[in-house]
Amino acid sequence: AQSVTQLDSHVSVSEGTPVLLRCNYSSSYSPSLFWYVQHPNKGLQLLLKYTSAATLVKGINGFEAEFKKSETSFHLTKPSAHMSDAAEYFCVVSDLGGGSTLGRLYFGRGTQLTVWP
Amino acid sequence: EPEVTQTPSHQVTQMGQEVILRCVPISNHLYFYWYRQILGQKVEFLVSFYNNEISEKSEIFDDQFSVERPDGSNFTLKIRSTKLEDSAMYFCASRDRLGQYFGPGTRLLVL
C-alpha cells in the first residue's frame, strides 16, 4: 500500500532563510513521488516529481527534493524563502512506480508554510 | 498556459439533492480524475476516467456518484442524492506524461 506522512502540519520561516518540509513515504513499489503546492483559491500546482533517473530533483521556483531510499524520505527544500512561497504543500505518492504518472495519487495531509518578512 | 477549470467555485445544496460539478480539463489530455478533500482530512482519490469509461474508482465512489464526459471538453461529477458527509472540496485533474494537473476545486456544502 502507498502512503505518505508529512511530519509537520505548519512550518514558519523568515524571508531569506532556508525551507525544509519533511515527507516520509511507504510504497510497495519503487515509488513515484511528487510535491504539489496550493496557493489560496488556486488549484494544486505540480512543483516537482521523482523519477528513478536522479535522486535530487529540481522543481519550479527554486525548490528541490532529495529521494533517500534508505530513509524512505522525500524532503522538500529551498535555500532562501520568499514571501510568495507561503502556501500549503502536499507530498504525494503514486501507486505506480518507475516515474509513472498514470496511477491514482495518495496525498499527505499537507504542510502550511508561513513566511515572515 | 493551459489550465484545468472547475465550476462552480462554491455550491450549497440541501441533503438529498443532486449536484453536478463541472470540469474542463486541459484540451489535449486524455486521462481525467476526481479527488476530494473533506475539511481537515487528506485529499482522497475518487475516480479516474479514460477513453469514455471509468478506469479505476475508490471505495468512496459508490452508486451515488457518476462521471461523464458529455462532450469534447467537459468532465462532470454527479452526486445523485447528497449526504452531509459529501461536504468537501472536490478537485478535478487531467494528466499528461509529466503529471496530473489540478483545477482550483469546487467547495460543496451539504446542509
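Scope of this entry: the structure provided in the associated data block. Bear in mind the structure is a predicted one, so any value in this text is a computation, not a measurement.

Some thoughts on the state of the cysteines
Stage number 1. Applying the stated criterion to the full structure yields two disulfides over all chains.
Stage number 2. A sulfur-sulfur distance of 2.0 Å marks the disulfide that ties Cys23 of chain A to Cys91 of chain A. Where Cys23 of chain A bonds to Cys91 of chain A through sulfur, the torsion about that S-S bond is close to -65°, and the disulfide is left-handed. Remark: Cys91 of chain A occurs in strand β10 (residues 87-94) and Cys23 of chain A occurs in strand β4 (residues 23-26); sequence separation between them is 68 residues. Both residues of the pair, Cys23 of chain A and Cys91 of chain A, belong to the buried class.
Stage number 3. Across a sulfur-sulfur distance of 1.9 Å, Cys23 of chain B and Cys92 of chain B are joined as a disulfide pair. Note on the Cys23 of chain B and Cys92 of chain B pair: the S-S dihedral is about -65°, so by sign convention the disulfide is left-handed. Placement of the pair is Cys23 of chain B in strand β3 (residues 19-24) and Cys92 of chain B in strand β9 (residues 88-96), with a sequence separation of 69 residues.
Stage number 4. When its relative accessible area of 0% is taken as the criterion, Cys92 of chain B is described as buried.

Definitions and limits used
Numbering of residues starts from 1 in each chain and follows the order in which that chain's sequence is written. Lettering for chains starts from A, numbering for ligands starts from 1, and both go in the order in which the items are written. In view of the model being predicted, local features appear only for residues whose pLDDT reaches at least 70, and side-chain atom pairs are presented and counted only at 80 or more, with totals across whole chains, interfaces and linings using the full set of residues. Heavy atoms from the whole structure form the basis of all side-chain values; hydrogens and water molecules are not counted. When two cysteine sulfur atoms are found within 2.5 Å, that pair is recorded as a disulfide. Every helix listed is a DSSP run of H or I at least four residues long, and every strand listed is a run of E at least two residues long, numbered separately from the N terminus. Each residue is placed in one exposure class: buried if its accessible area under a 1.4 Å probe, protein chains only, is under 20% of its type's maximum, exposed if it is over 50%, and partly exposed if it falls in between.

Note that every value here comes from positions in space, so none of it alone points to a role or purpose.
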